[in-house]
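A look at the structure
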Amino acid sequence: MTELLIWTSPRDVVVWAPDATAAGTVRATLETAGLRWWPVQIYGVPRAAATSLDIGVDADNCLRALLAAGYTFAWHPSQAPENRSPMRFGFDVAPAAE
């Protein structure tokens with residue numbers, strides 16, 4: 001399946017798909033599981049490949065649904081290096097491709 005990039009902050013967990021079409025599949029997977037997602041805007045510009053999963057339990061449920069659907073995860077290159085770890089959220093997260 002597709003590798004998704006993860007970016008986290010205290011206020012959001014975002015997954016980045018390879019493109020907008022793949023992001024549509026991610027969003028459909030979440031909706032089928034009965035979970036919510038939000039569009040992402042950075043500096044007011046929509047990011048079609050990015051999907052916000054909220055934080056806390058909501059983000060955890062979304063990530064687990066995506067994992068169950070066969071997705072894998074890697075750190076987004078813009079994630080602060082000190083906030084990357086090989087295991088996060090209870091599953092493996094690959095290093096960021098720089």
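The structure under discussion appears in the preceding block.
Residues numbered from 1 in each chain as written. Predicted model: local features only at pLDDT ≥ 70, side-chain atom pairs only at ≥ 80, totals over all residues. Heavy atoms only, no water.

**Structural notes on the pairing of strand 4 (residues 45-52)**
Let me state the cut-off plainly: A pair of strands counts as paired when DSSP detects no fewer than two bridges linking them. Secondary structure follows DSSP: runs of H or I at least 4 residues long count as helices, runs of E at least 2 residues long count as strands, and numbering of each begins at the N terminus.
Bridge analysis of strand 2 (residues 12-16) against strand 4 gives three bridges, and the strand direction is antiparallel. Within the sheet, the bridge partner assigned to Val15 lies in strand 4 and is Thr51. Summarising the sheet, strand 3 (residues 38-42) and strand 4 pair through four bridges and their orientation is antiparallel. Bridging across to strand 4, Ile42 finds its partner in Val45. Connecting strand 3 to the antiparallel partner strand 4 that follows it, the hairpin turn spans two residues, and Tyr43 within it adopts a positive phi of roughly 55°.

**Quick look at the nonpolar core**
What counts is decided by this rule: Put simply, a nonpolar core is a bunch of buried Ala, Val, Leu, Ile, Met, Phe, Trp, Tyr and Cys residues held in one set by side-chain atoms that sit within 4.5 Å of each other. Three labels apply to residues, based on accessible area from a 1.4 Å probe with only protein chains included: buried if under 20% of the type maximum, exposed if over 50%, partly exposed otherwise in between. For this analysis, residues touch if any pair of their heavy atoms sits within 4.5 Å.
Membership of the largest hydrophobic core comes to 20 residues, with the highest contact counts inside it found for Leu4, Ile6, Val15, Leu53, Leu63, Leu66 and Phe73. Among the elements of the structure, strand 1 (3-9), strand 2, helix 1 (20-32), helix 2 (56-68) and strand 5 (72-75) are those that each provide at least two residues to this core. The contacts of Leu53, once residues within four sequence positions are left out, are Asp12, Val13, Val15, Leu30, Trp38, Asp58, Ala59, Cys62 and Leu63.

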